[in-house]
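Now for the letters of each chain:
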Amino acid sequence: QLRRPPGGIRLGLRLGHGRGRGRGRGRRLRLGPKLIYTTPTPLRQVSNPRFNNLQPEFLNRHTVALSKDVVAILDRTDSKTVRCFDVATGKALSTNVTHKTEIVQIALNQSDVPLSERRLALIDRNRDLYLTPVVPQPGIFRGVYKLQTQVDSMAWNDSSDMLAAIADGRMICWYYPNVVFVDRDLLPSTTIEKDGSEFGKVPQVSTFYGSRLTVRKADGALVTTSVSCYASMLYRYIGESRWEESVRLCRFVKDDKLWGCLAVMSIQNRKLETAEIALAALTEVDKLEFILHIKNIPSEEGRNAELALYRRCPDEAEAILLQARPPLTYRAIKMNIRLFRWGRALELAVKSRSHVDTVLGYRQKYLDQFGKKETDKRFLQYTESVEIDWEAIQAKKQQEKDDERARSGNLSSSGK
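Predicted model only: the values in this text are computed from it and were never measured.

**Q** Mind laying out helix α10 (residues 356-369), listing which residues take part and the relevant values?
**A** When the terminal C-alpha atoms of α10 are compared, their 20 Å separation across 14 residues agrees well with the 20 Å that a helix rising 1.5 Å per residue should span. Three or more residues of α10 are buried, namely V356, D357, T358, V359, L360, G361, Y362, R363 and L367. Residues of α10 that are buried make contact with α8 (329-338), α9 (342-352), α11 (377-385) and α12 (390-408). Looking at the residues trailing α10, positive phi occurs at G371, about 65 degrees.

**Q** Explain the packing of helix α3 (residues 256-268) against helix α4 (residues 272-281) to me, using residue names and the numbers behind them.
**A** Two elements in contact, α3 and α4, have axes whose closest approach is 8 Å; the angle formed by their N-to-C orientations is 150 degrees. Classified by the angle between their axes, α3 and α4 sit roughly antiparallel to one another. Judged by the twist between their axes, the crossing of α3 over α4 is left-handed. Every residue of α4 that contacts α3 at W259, L262, A263, S266 and I267 is listed here: T274, A275, I277, A278, L279 and A281. Taken together, the residues of the contact of α3 with α4 sort by class into 9 nonpolar, 2 polar and no charged.

**Q** How would you explain the sheet that holds strand β8 (residues 97-98) if you had to name every residue and give the values?
**A** Spatial strand order, β5-β6-β7-β8: 4 strands in an open sheet with antiparallel pairing. Of all the strands in the sheet, the pair left with one neighbour each is β5 (64-66) and β8. Sheet analysis places strand β7 (residues 81-86) next to β8, joined by 2 bridges and oriented antiparallel. Within β8, the position partnered with T81 by the bridge is T98.

**Q** Before we move on, could you go through the pattern of salt bridges and cite the residues and values that matter?
**A** On inspection of all chains with the given rule, the structure shows 24 salt bridges. Between D128 and K146 there is a salt bridge, with the nearest N and O atoms lying 3.6 Å from each other. Of the two residues, D128 sits in the loop between β10 (119-124) and β11 (129-133) while K146 sits in strand β12 (residues 145-148), which places them 18 residues apart along the sequence. For R242, the salt bridge is made with E240, and the minimal N-O distance between the two is 2.7 Å. Since its relative accessible area comes to 29%, R242 is described here as partly exposed. Salt bridges sharing common partners tie together D315, E318, R341, R344 and E347.

Rules of the game
- Residues numbered from 1 in each chain as written.
- Predicted model: local features only at pLDDT ≥ 70, side-chain atom pairs only at ≥ 80, totals over all residues.
- Heavy atoms only, no water.
- Helix = DSSP H or I, 4+ residues; strand = E, 2+ residues; numbered from the N terminus.
- Expected span 1.5 Å × (residues − 1).
- Buried < 20%, exposed > 50% of the residue type's maximum accessible area, 1.4 Å probe, protein only.
- Contact = heavy atoms within 4.5 Å.
- Axes fitted to C-alpha atoms, helices over the stretch in contact; angles between N-to-C directions.
- Parallel < 35°, antiparallel > 145°, perpendicular 65-115°, else oblique.
- Left-handed = near helix turned anticlockwise from the far one by under 90°.
- Nonpolar A, V, L, I, M, F, W, Y, C, P; charged D, E, K, R; others polar.
- Pairing = 2+ DSSP bridges.
- Salt bridge = Lys/Arg side-chain N within 4 Å of Asp/Glu carboxyl O.

Next up, the structure:
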């Protein structure tokens, strides 16, 4: 809604209010001499975000996005940069979101989540849809992830993290787009597609309230479509930490898309029991086996490190192990061996003055398996001075596991 009051341009963005909540409860931006975040009506100034060459007269609903804690503004002087500000203080966040191509539309998720889980969706000039964290966080994929191509329009749900888009004649809804930062292999298990021929050419997503999506056609007509209402129910249960009810809901609905969402949400929240049930329902045998492996690790730091490794963040996983008190050095060395990061494994062993023979032993096994000879000078140097005794190696491994169980107070668990 664009209207020109005296003294500036006011752009009313009613984000986050749904059916039956009243029309005065939305968040609003006033764009004029000052950029103001206000809620609820009547307007009151909360902060005054600003930067050089703001040019508020050129801002519109595609180039400015608002959530409860972040204001995102597309830089008009550099269309590849999105500047993000804290709503309460008006101060710029530590990092801006940058993209390799000019950006034409941005949107922030509207759910009640902390800043670490705030996500920015953007469409670039090539009509590709990307998703990125507003603030980079350790333990997740860092960068911009491409969700879809040939996108006409997109919108976040008003109360959850569901994201809908019209792309290539189809309506696509990602029930839990944060899956790309947890396990992108499960992305198809959390996405639905519907035929969008009824929307015509260049449709625009107008609203996405609850399970109902409103699309404006090129001639101005509004067309309504819907997604499963059970996804919103699942979000509500997860938000209230009602994991047992979430499992019962998925069993009642018998929808693989819902099971996929539950699997990713439970992994994100470190609810391994629920993740085990959901992955079993999806028959994801390899992922289920890894979750069972994590459950058997006695220490919390060890489990958190394996979950970070599950998210494809080996550096963060290693940091978790080394920052434990006392450091889980053997587990960090063995993790690097499993990832075939031989140089890093040897470096940790030499630095800690332990398990050098373990690294050399596994390295020799690896080379013998493929019929190769050692060529790395560092390994050749230590091979000459360190004796490989597998009985001693196994004894030290068992001692490390016993020590870890004793520290965690879980004598009945068996570490891996």
